[in-house]
Amino acid sequence: MTTDYASSRETTEGRVFTVTGGDWDTVVDEAGSEERIVVNMGPQHPSTHGVLRLVLELEGETVTEARTVIGYLHTGIEKNLEFRNWTQGSTFVTRMDYLAPMFNETAYCMAVEKLLGIEDQITERAKTIRVLMMELNRISSHLVWLATTGMELGALSMMIYGFREREYVLDIFELTSGLRMNHAYIRPGGLAQDLPDEAAAKIRELLEWMPERIDMYEDLLSGNTIWRERTQGVAVLDMAGCLALGITGPVLRSAGLAWDLRKTQPYLGYETYDFAVPTEPTGDAWGRYKVRLNEMRESVKIIRQAMDRLEPGPIMIGDKKIAWPAQLAIGGDGLGNSLEHVAKIMGQSMEALIHHFKLVTEGFRVPPGQVYVPIEAPRGELGVHAVSDGGTRPFRVHYREPSFVNLQAIPVMAEGGLLADVIVGGASLDPVMGGCDR
């Protein structure tokens, strides 16, 4: 076995390959023509949406070959999950796609609940709040895309407006979970704590002005000559290309296929909500822009319906052997056990203290088996393949991460186009490297 990218040597344990990033020298040495140059874009480039490296071969300003190099943000989150109990896993997975933490948590918790066989026991209030948090998160994620893509194409005002509105959503998350990002708010069996009244009030305020703001973004960009010329007919990927590469989400819907797991494989009661699946026929960066704008509008509709059906009730299942931690509150130092709960387990009930200690240190056991649970995240199908060997920790958890899959499209979209359009094509995929390099 030989490889261009790895040298090998024989050892007593067998052949060992040394894999490095040395392909750069090889590419440069192969550059025979004086007209052909190699440009190393990233991984620390302001327009690569995270630490993504693109090795581009150019003839003039035309890209003849594009290579996507990933791995600069590896955190080993999936491996770390094997050394923590099932509930602690939520604290890890929330850091994968850091612009869509609620989706990471929901998919993981739904997989754990499926292994436990308790999907039907999740309370209506918990399911509704999960939908509420995810749709707010979808809006905030699309706002980051719109803001950063606007900045890359010269629409600097969009950067200001997009992050202004996102900040409001993060305030809601902070009121609810105690944190702006990396919440670990959604837990196996339900939620860490209930939706506070002040967060509900802020959500209703957002519903009042958000539709007008989305219209404002469209007024700002859609009629702009530069924006149209930089996005229309640029980075085209048709439906056949998307399906061949396994690409999902707004990129697939911008090619005309209305594939949205909230409609095609509903979960958490999405089949009971009234919303549309926006599509565009163009399959280009313009189509992806239009789809994401309209998805924000549909998310506002879903949030409004979720708020209307939010009835009082429990937010965690009744089984105390799974429901950990049972009673949390947001204090000055963040989220933790409420003082009332601490007073009870420390001063009144030895059994409750023992149970709490066992549940926190060891965790609950999950029956042996494996499941795959997909949900519709802002970037496409986010799937969790969870395997249990019957213990208190996952045997294996693997994420089908849309950013990782969608990045395959960059060479297809970039080769034959201009160097400036590589930025547009890569941005239109909306990759988040935390999810890719998990």
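The coordinates are above.
Keep in mind that this is a model prediction, so the values were computed, not measured. (Residues numbered from 1 in each chain as written. Predicted model: local features only at pLDDT ≥ 70, side-chain atom pairs only at ≥ 80, totals over all residues. Heavy atoms only, no water.)

1. Some words on the overall build of the protein chain
What the protein chain contains, in helices and strands, is 18 helices and 12 strands. For the protein chain, the residues scored as buried account for 55% of the 438 residues in total. Within the structure as shown, the protein chain displays about 18,900 Å² of accessible surface, and the carbon and sulfur contribution to it stands at 53%. (Helix = DSSP H or I, 4+ residues; strand = E, 2+ residues; numbered from the N terminus. Buried < 20%, exposed > 50% of the residue type's maximum accessible area, 1.4 Å probe, protein only. Areas by Shrake-Rupley, 256 points an atom, 1.4 Å probe, with all protein chains shown as cover.)

2. Some points on the packing of helix α6 (residues 156-177) against helix α7 (residues 197-221)
Orientation of α6 relative to α7, taken along the N-to-C sense of each, is 165 degrees, at an axis distance of 11 Å. Comparing the axis directions of α6 and α7 gives the class roughly antiparallel. In this structure, α6 meets α7 at a crossing whose hand is left-handed. Across the contact of α6 with α7, the residue classes tally to 15 nonpolar, two polar and seven charged. (Axes fitted to C-alpha atoms, helices over the stretch in contact; angles between N-to-C directions. Parallel < 35°, antiparallel > 145°, perpendicular 65-115°, else oblique. Left-handed = near helix turned anticlockwise from the far one by under 90°. Nonpolar A, V, L, I, M, F, W, Y, C, P; charged D, E, K, R; others polar.)

3. A short note on the sheet that holds strand β10 (residues 369-377)
Reading across from one edge, β10-β11-β12 is the order of the three strands in this open sheet, with antiparallel pairing throughout. Since the sheet does not close on itself, it has two edges, and those belong to β10 and β12 (396-400), each with one partner. Strand-to-strand, the axes of this sheet are offset by a mean angle of 15 degrees, without reference to chain direction. Two strands pair when backbone bridges link them, and β10 and strand β11 (residues 380-388) are joined in this way by nine bridges, in the antiparallel orientation. Its bridge partner being in β11, glutamate 376 is matched across the sheet by glutamate 381. Helix-sheet contacts for helix α4 (residues 101-116) involve β10, β11 and β12, and the interaxial angle to β10 is about 150 degrees. (Pairing = 2+ DSSP bridges. Contact = heavy atoms within 4.5 Å.)

4. Topic: the pairing of strand β4 (residues 53-59)
Within β4, six of the seven residues are buried, which leaves the element mostly enclosed by the surrounding structure. Relative to β4, strand β3 (residues 36-41) is paired through six bridges, and the arrangement is antiparallel. Within the sheet, the bridge partner assigned to valine 38 lies in β4 and is glutamate 57. Here β4 folds back onto strand β5 (residues 62-69), and the loop between the two strands holds two residues, one of which, glycine 60, carries a positive phi near 70 degrees.

5. Some remarks on the sheet that holds β4
The strand order β3-β4-β5 describes an open sheet built from three strands, whose pairing is antiparallel. For this open sheet the edge positions go to β3 and β5, each flanked by a neighbour on one side alone. The average angle at which neighbouring strand axes cross in this sheet is 20 degrees, direction not considered. Across the sheet, helix α17 (residues 419-429) lies against β3, β4 and β5, angled at about 150 degrees from β4, the strand it touches most.

6. Some details on the packing of aromatic side chains
One pass over the structure, following the stated rule, counts six aromatic pairs. Centroid distance tyrosine 168 to tryptophan 209: 4.9 Å. Interplanar angle 85 degrees. Geometry classified as edge-to-face. One end of the pair, tyrosine 168, is in helix α6; the other, tryptophan 209, is in helix α7, and 41 residues separate them in sequence. For the residue pair tyrosine 168 and tryptophan 209, the accessibility class agrees, reading buried in each case. Here a set of aromatic residues connected by ring pairs shows up, and it is made of Tyr267, Tyr270, Tyr273 and Phe275. Above the face of the tyrosine 168 ring, lysine 202 is positioned so that its terminal group lies 4.1 Å from the ring centre. (Phe/Tyr/Trp six-rings, centres within 6.5 Å; stacked < 30°, edge-to-face > 60°. Lys NZ or Arg CZ within 6 Å of the ring centre and 35° of its normal.)

7. A few points about the side chain of lysine 290
Along the chain, lysine 290 turns up in helix α12 (residues 285-308). Among the residues examined, lysine 290 registers a relative accessible area of 18% and is labelled buried.

8. Concerning the pattern of salt bridges
Per the stated rule, a full pass over the model turns up 24 salt bridges. One salt bridge connects arginine 438 with glutamate 78, and the closest N-O pair in it is separated by 2.8 Å. With a gap of 360 residues between them, arginine 438 in the segment after α18 (433-436) and glutamate 78 in helix α2 (residues 77-80) connect regions that are remote in the sequence. This pair shows no difference in class: arginine 438 is buried, exactly as glutamate 78 is. Put simply, glutamate 218 and lysine 290 hold a salt bridge, and the shortest N to O gap is 2.7 Å. Of this pair, glutamate 218 sits in helix α7 while lysine 290 sits in helix α12, and the two are 72 residues apart along the sequence. Of the two residues examined, glutamate 218 and lysine 290, each falls in the buried class. (Salt bridge = Lys/Arg side-chain N within 4 Å of Asp/Glu carboxyl O.)

9. Things to note about the nonpolar core
Of all hydrophobic cores here, the largest spans 113 residues; its most connected members are Met133, Leu136, Leu146, Leu195, Ile203, Met210 and Tyr217. In terms of residues, this core owes the most to one element, helix α5 (residues 124-152), which gives 11 residues. Filtering out sequence-adjacent residues up to four positions away, isoleucine 203 remains in contact with Leu132, Met133, Leu136, Ile172, Leu195, Ile303 and Met307. (Core = buried A, V, L, I, M, F, W, Y, C linked by side-chain atoms within 4.5 Å.)

10. Overview of α5
For α5, built from 29 residues, the straight-helix expectation of 42 Å at 1.5 Å per residue is met to within 8% by its first-to-last C-alpha distance of 42 Å. When you tally the buried positions in α5, you get 26 out of 29 residues, the bulk of the element. The positive-phi residue at the C-terminal boundary of α5 is glycine 154, with phi of around 100 degrees. (Expected span 1.5 Å × (residues − 1).)

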